[in-house]
Amino acid sequence: DLGQLENAYWRTQKSDQLTRQIWDEKSAWQNLRRARRLAKGGDRDSLVKAIELVRQIDPSTQTWAEAKTDLQQWSQAVMELALKRWQQGDLQAALQLAQAVPYGLNLPAEAQDLIRLSYASQQMAAQQNAPSLKRIVQLMEAIAALKQITPQSSFYAQAQAQLQNWQAQLQDLSQLQLASAIASLGQEATYKLAMAQAGNIGPDRPQYTQAQTLVAQWARDIERLQDMPYLMQAQRLAAPGTIAALQAAITAARTVPQRALWQDAQAAIANWTARIQTIEDQPILDAAKALAAKGELRDAIRTARKIDPNRALYAQAKAAMDEWQAEIDRIESAEDQKILDQATAQASRGRLTIAIDIASRIGPGRPLYSQARSAISQWAAERDAIWESW
C-alpha cells in the first residue's frame, strides 16, 4: 500500500525499511522454530545447537522477546549438565559446554561462575594470534571475568590460579605495546629506548620470548638505519648506467657490512654485474643476429659462442644458437634426404655399388649420417651375398 503513495519517503525508503524488517522477523521465527524442534530432544548436543540458533536472532526483532525465554531455559539445562561434568572432575568438558551459553544470563551463581571461567578461557584462546592492542583488551576482559568469581565460589581456586598468570601477561603486553609505540617513530634512539623497555622483561616472565623477538627485530632495524647510507650511495653511483659507474657502485656496495642490509647489497651487486656483462656482450649477440639474418648461420653460431656460459646474455645466446642449429639441421636434412632418395632408387634397380657411392656422400656430422650408414651396410651385405653366389 505504501508503494502507491506519492510521497517518495513513504513510497521507497519507509516501504523498503518495513520490507527488510518483515524478512528479518521471518528469518528470526524460522531460527526459533528450528531451535525449538531441536530442543525437544533434550540431549546435550540438541540443546547446544538450539542455543546456537537462537543466538543468531537479532535482539532488535520482536521475535527476540519470546526467544529470550527459551534461551534462558535451555541455557540453564546446559549449565546443569556442565556442572555435573565439573563435579565428575572433567573441567575441560564443563568449560566446553559452558562456552555454548551466552555471557550475562540470569542463572544460578555457580553456573554464572563457570560461564565466567569459560568466557575468560575463550578470550585467552582467541587472543593468541590477535594484534597486540586487541590481545591486551581480550586479556583485560578475561581478567575482569575472573575477578567477578568470589571466594565463596567453587571455582575461586581455579580462577585465582589463572588470574596471577594472566595479570603478569597483561603487564608484559602493556610494556611491549609501549615499547612498540616508541619503536614506531623509526629513529635509532627510539629503537634503543624500545629495546631497553622490552629488555626489562626477564626470562621468568610469560612474554619473554616475544620481548626477545622484538629486541632482535629492532636491532636489525638499527643496522638498516646505519647501513642504508652506504647502499644509497652505491645506488646513486650506479644511476648513470655506464660500465664505469656500475663498477664504482659495486665497489661501494661491497662496503655494506654482512648484517641486515647485506643481502640487499649482494642483490644489487648481482644486478649491476649483469648490467655490465650485458653492455659488454650485447654487441657480440647483435653481430651474431646480423649474420643469421644474412643466412650465415654457422658464422652466427661461432660468433655467439664467444659469450661464456656464466655471462648475463648467455641464455639468450644459447636460445639463438639452438634455433640457428635447428635451421641448419633442417636444411641439411633436406639435402641429405635427396641424396639418400637417389641412392635408394639405384639400390632398387640392383645397382648396389652405385647406391653405396651416392650414400657415402653424406659425411659424419650430417643429420642423416646414421641413416645413410645403415643403408650402406645393408646394401653392402646384399652385394657381398650376390658376389659370393657368383
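Up top is the structure these notes are about.
The paragraphs below set out a description of the structure included in this document. Source: prediction; values computed, not measured.

So, how was this worked out
Residues numbered from 1 in each chain as written. Predicted model: local features only at pLDDT ≥ 70, side-chain atom pairs only at ≥ 80, totals over all residues. Heavy atoms only, no water. Core = buried A, V, L, I, M, F, W, Y, C linked by side-chain atoms within 4.5 Å. Buried < 20%, exposed > 50% of the residue type's maximum accessible area, 1.4 Å probe, protein only. Helix = DSSP H or I, 4+ residues; strand = E, 2+ residues; numbered from the N terminus. Contact = heavy atoms within 4.5 Å. Axes fitted to C-alpha atoms, helices over the stretch in contact; angles between N-to-C directions. Parallel < 35°, antiparallel > 145°, perpendicular 65-115°, else oblique. Left-handed = near helix turned anticlockwise from the far one by under 90°. Nonpolar A, V, L, I, M, F, W, Y, C, P; charged D, E, K, R; others polar. Patch = residues over 30% accessible without salt bridge, like charges linked within 9 Å, V, L, I, M, F, W, Y side chains within 5 Å. Areas by Shrake-Rupley, 256 points an atom, 1.4 Å probe, with all protein chains shown as cover. Salt bridge = Lys/Arg side-chain N within 4 Å of Asp/Glu carboxyl O. Lys, Arg positive; Asp, Glu negative; His and termini not counted. Charge placed at Lys NZ, Arg CZ, Asp CG, Glu CD. Expected span 1.5 Å × (residues − 1). Bend = angle between axes of the 7 residues up to and from the residue.

On to the nonpolar core, then. Core analysis: the largest hydrophobic core is formed by 45 residues, its most contacted members being V54, W74, M79, L114 and L146. For this core, the elements supplying multiple residues, two or more each, are α1 (8–39), α2 (44–55), α3 (63–87), α4 (91–98), α5 (109–126), α6 (132–147) and α7 (156–183). A per-element tally of this core places α3 first, with eight residues. Excluding its chain neighbours within four sequence positions, the residues that come into contact with M79 are A98, V101, L107, A111, L114 and I115. Among the nonpolar cores identified, the runner-up in size contains 14 residues, and L340, I362, A372 and A375 belong to it.

Our next topic: the packing of helix α10 (residues 243–253) against helix α11 (residues 262–293). Two elements in contact, α10 and α11, have axes separated by 9 Å at closest approach and are oriented at 160°. In terms of their interaxial angle, α10 and α11 are classed as roughly antiparallel. In this structure, α10 meets α11 at a crossing whose hand is left-handed. Contacts between α10 and α11 involve I243, L246, Q247, A249, I250 and A253 from the former and A265, I269, W272, T273, R275, I276, I279 and E280 from the latter. Residue classes in the contact of α10 with α11 are distributed as 10 nonpolar, two polar and two charged.

So, about a positive patch on the surface. On the surface, a cluster of positive charge is contributed by R33, R34, R37 and K40. The class of R37 is exposed, set by a relative accessible area of 55%.

A word on α1. When the terminal C-alpha atoms of α1 are compared, their 46 Å separation across 32 residues agrees well with the 46 Å that a helix rising 1.5 Å per residue should span. K14 marks the point of greatest bend in α1, at about 30°. Here α1 has its buried residues at K14, S15, E25, A28, N31, L32, A35 and A39.

Viewed as axis vectors pointing N to C, α1 and α2 meet at an angle of 170°, and their least axial separation amounts to 8 Å. The angle between the axes of α1 and α2 places the two elements in the roughly antiparallel class. Counted together, N31, L32, R34, A35, L38 and A39 of α1 and S46, L47, K49, A50, L53 and V54 of α2 form the full contact between these two elements. Class assignment for the residues of the contact of α1 with α2 results in eight nonpolar, two polar and two charged.

With that settled, consider the pattern of salt bridges. Scanning the model with the defined rule gives 15 salt bridges in all. Of the charged contacts in the structure, one is a salt bridge between D172 and R205, with a shortest N-O distance of 2.9 Å. Linking D172 in helix α7 with R205 in the loop between α8 (188–199) and α9 (208–238), this pair joins segments that are 33 residues apart in sequence. Accessibility expressed as a relative area gives 1% for D172, which makes it buried. Looking at R205, the relative accessible area reads 26%, which means it is partly exposed. Here R311 makes a salt bridge to E280, at a shortest N to O gap of 2.6 Å. You can see R311 sitting in the loop between α12 (297–304) and α13 (314–348) and its partner E280 sitting in helix α11, a full 31 residues away along the chain. Of the residues examined, R311 reaches a relative accessible area of 22% and is grouped as partly exposed. Salt bridges sharing common partners tie together R298, E332, E335, D336 and R366.

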